[in-house]
Amino acid sequence: MPVDPRLDAFLSRCLLLDLETGPHGEIRKIGALRGARTFLRQGSFGAGEALAELERFAGDTELVLGHNLLGHDLPTLRARASTPGLLRRRVVDTLYLSP
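Residues numbered from 1 in each chain as written. Predicted model: local features only at pLDDT ≥ 70, side-chain atom pairs only at ≥ 80, totals over all residues. Heavy atoms only, no water.

### As for the nonpolar core
Of all hydrophobic cores here, the largest spans 17 residues; its most connected members are L15, L17, I30, A32, L54, L77 and L86. Examining the composition of this core, we find that five residues originate from one element, helix α2 (residues 47-58), more than from any other. Sequence-distant contacts of A32, that is, excluding residues within four places in its chain, are made with L15, L16, L17, R37, T38, F39, L54 and F57. (Core = buried A, V, L, I, M, F, W, Y, C linked by side-chain atoms within 4.5 Å. Buried < 20%, exposed > 50% of the residue type's maximum accessible area, 1.4 Å probe, protein only. Helix = DSSP H or I, 4+ residues; strand = E, 2+ residues; numbered from the N terminus. Contact = heavy atoms within 4.5 Å.)

### Notes on the environment of K29
By the element assignment, K29 lies in strand β2 (residues 27-34). Taking the C-alpha atoms as reference points, K29 and A50, 21 residues apart in sequence, are found 9.8 Å from one another. Ignoring anything within four residues of it in the chain, the contact list for K29 reads D18, L19, E20, L40, R41, Q42 and F45.

### Let's talk about the environment of V92
Relative to the helices and strands, V92 is located in strand β5 (residues 90-93). Along the backbone, V92 and H67 are 25 residues apart, and their C-alpha atoms lie at a distance of 8.4 Å. Dropping the residues within four chain positions of it, V92 is found in contact with F10, V64, L65, G66, L69 and L97.

### With respect to the environment of H67
By secondary structure assignment, the location of H67 is in the loop between β4 (63-66) and α3 (69-80). In this structure, H67 is in contact with D73, D93, T94, L95 and S98, ignoring residues within four places of it in sequence.

### Looking at the pairing of strand β3 (residues 37-42)
Alignment of β2 against β3, held across six bridges, turns out to be antiparallel. Counterpart to I30 in the pairing with β3 is R41. Linking β2 back to β3 in an antiparallel pair, the connection comprises two residues, with G35 at a positive phi of about 60°. (Pairing = 2+ DSSP bridges.)

This is the structure:
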């Protein structure tokens, strides 16, 4: 099935992001997509360096898109204060689109 070119244009401006955290708020997994490229950190990794790499991966994207970004992922990033560029981007939180 062909993809609507408007959707492609929108997604080309986005970093799709998901974080998984442990019971004490530690980041256990980072997954992101930018176009056809994938960013994945899981298992044993240094959160500070991984978040710096994520910032570089995000590049010039305008938007951060994901599910429950406002309630979970962005507060987790804000608590680590090592990804200021991601926190300045506009957000599309699909949690609010799902109802």
